[in-house]
Amino acid sequence: MIHSVLRHIFVLLLLMPFCAAADNTSAEINAIKRAAEGYLYAESTMPTEDEARSNADNLLVSNINSFMEEFGSDAKFSPAMAAKFQYMKMKRGDNIRVFAFIAKGDLGLDLSSKKEDVPEETTGETASESAESTPESTGQEPASEPAVATAAPAPVAETGPDRSQRQVLDDLLGCKDLKAAMKLLGMFEAMHKVKKYGTINDVPSGNDHYWIVGTAGYNIDCIITNGESPADYKTGQPRNANDIKGVPMLWFTLR
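*Asks:* So what exactly am I meant to see when it comes to the environment of proline 248 here?
*Replies:* Mapped onto the secondary structure, proline 248 falls in the loop between β6 (220–224) and β7 (249–254). When the C-alpha positions of proline 248 and threonine 199 are compared, they lie 8.1 Å apart, and in sequence the two are 49 residues distant.

Next up, the structure:
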């Protein structure tokens, strides 16, 4: 009995450093997420560390390019920035979670000089012309014109993807697994066919993004369309990503 208790205590003592390390890593990741004004980050969970790191790198590059575009800079991601990437990793079941991040100050931008849209000033000439074009009051009310009945605007129907967008969807659906789809999304982003993409951990609000739904083995199950009435892209049957749980998924928006 005593030997059994001592053995359990010994096992617990061995596991404590690993549990503490996982807790510390999770706390550090959350701290960086809370300080999002100073960092850009991305994360991926895959069966191997190399796959998770590669996916996290691709997502972080996408986030960097999007940030620079929103910032108003003409610059794009460069290999020099990759040297500034930092990583944290932790076990998640049988998979590995890799968290990649970079400080915005390491992007080589002057963060204090973000371009702002300046409204055009109204010139004196324009105001004068506006005043001259206003008819003088004669003290008489203008004759009323007969009312013309106007038809109510027709409801705008949701439009599906165009031909080039359908080609992108078909190519993604033809990938052998989510890892291949992630690489193809990166290529499509560089070709300006995809605006942005990511994992379920960083999905934006709204309904303008598509979903690539995976299986437990990271194969591709289907693509779910965007809009108010999401559906399986191939079958057309109604399907909502919010109803799918427990499988890996990628999201993306088309240009």
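*Asks:* Explain the sheet that holds strand β2 (residues 86–92) here, please?
*Replies:* Strand pairing in a sheet relies on backbone hydrogen bonds, with the paired strands running either antiparallel or parallel. Ordered in space as β1-β3-β2, the three strands form an open sheet in which the pairing is antiparallel. Each edge of the open sheet is held by one strand with a lone partner, namely β1 (39–46) and β2. Strand-to-strand, the axes of this sheet are offset by a mean angle of 15°, without reference to chain direction. Here β1 pairs with strand β3 (residues 95–103) via eight bridges, running antiparallel. Paired with alanine 42 across the bridge in β3 is alanine 100. Where helix α2 (residues 49–71) meets the sheet, it contacts β1, β2 and β3, and its direction lies at approximately 150° from that of β1.

*Asks:* Would you explain the nonpolar core in this entry?
*Replies:* Nonpolar side chains tend to gather and get buried jointly when the protein is soluble and globular. Counting 41 residues, the largest nonpolar core has Ile64, Leu107, Leu172, Ile212 and Phe252 as the members making the most contacts within it. With nine residues, the single largest contributor to this core is α2. For phenylalanine 252, the residues in contact, after removing those within four places along its chain, are Leu169, Leu172, Leu185, Val194, Lys196, Tyr197, His209, Tyr210 and Ile212. In terms of nonpolar packing, the next biggest core, distinct from the first, is built from eight residues, Trp211, Val213, Ala241 and Met249 among them.

*Asks:* Would you take a moment to explain the side chain of asparagine 63 for this structure?
*Replies:* Checked against the element boundaries, asparagine 63 lands in helix α2. Of the residues examined, asparagine 63 reaches a relative accessible area of 12% and is grouped as buried. Beyond its immediate stretch of four places on either side in the chain, asparagine 63 contacts Leu40, Tyr41, Ala42 and Lys196.

*Asks:* For this particular structure, what's the right way to read helix α5 (residues 163–173)?
*Replies:* Since one α-helical turn is 3.6 residues long, residues separated by three or four positions face the same way. If you check which residues of α5 are buried, you get Gln165, Val168, Leu169 and Leu172. Buried residues in α5, looked at end-on, bunch into an arc of 95°, giving them a common side. Away from its buried face, by an angle of more than 90 degrees, α5 presents the exposed residues Arg163 and Ser164.

*Asks:* Where do I start with the packing of α2 against helix α6 (residues 178–190) in this structure?
*Replies:* Describing two packed helices takes the angle between their axes plus the distance from one axis to the other. Where α2 contacts α6, the axes come no closer than 11 Å and their chain directions differ by 25°. Taken together, the axes of α2 and α6 lie roughly parallel to each other. As for the relative orientation of α2 and α6, their crossing is left-handed in sense. When α2 is examined against α6, the residues Glu51, Asn55, Asn58, Leu59 and Ser62 are found in contact with a partner set consisting of Lys179, Met182 and Glu189.

*Asks:* What exactly am I supposed to notice about the pattern of salt bridges here?
*Replies:* Two side chains carrying opposite charge are able to pair once their charged atoms lie near each other. Overall, the coordinates contain six salt bridges when judged by the stated rule. If you follow the salt bridges from partner to partner, you end up with Lys33, Glu43 and Arg97 in one network.

*Asks:* Before we go on, may I ask you to explain the confidence of the model for the protein in this structure?
*Replies:* Any segment with low pLDDT has predicted coordinates that should not be analysed in fine detail. With 72% of its residues at a pLDDT of 70 or more, the protein has an overall mean of 74. The weakest mean pLDDT in the protein belongs to helix α4 (residues 124–132) at 44; the strongest belongs to β3 at 91. Note that residues 5–22 has pLDDT below 50 and, in this model, one contact with residues that lie over four places away or in other chains.

Conventions used here
Residues numbered from 1 in each chain as written. Predicted model: local features only at pLDDT ≥ 70, side-chain atom pairs only at ≥ 80, totals over all residues. Heavy atoms only, no water. Helix = DSSP H or I, 4+ residues; strand = E, 2+ residues; numbered from the N terminus. Pairing = 2+ DSSP bridges. Axes fitted to C-alpha atoms, helices over the stretch in contact; angles between N-to-C directions. Contact = heavy atoms within 4.5 Å. Core = buried A, V, L, I, M, F, W, Y, C linked by side-chain atoms within 4.5 Å. Buried < 20%, exposed > 50% of the residue type's maximum accessible area, 1.4 Å probe, protein only. Arc of directions from axis to C-beta. Parallel < 35°, antiparallel > 145°, perpendicular 65-115°, else oblique. Left-handed = near helix turned anticlockwise from the far one by under 90°. Salt bridge = Lys/Arg side-chain N within 4 Å of Asp/Glu carboxyl O. pLDDT = per-residue confidence, 0-100.

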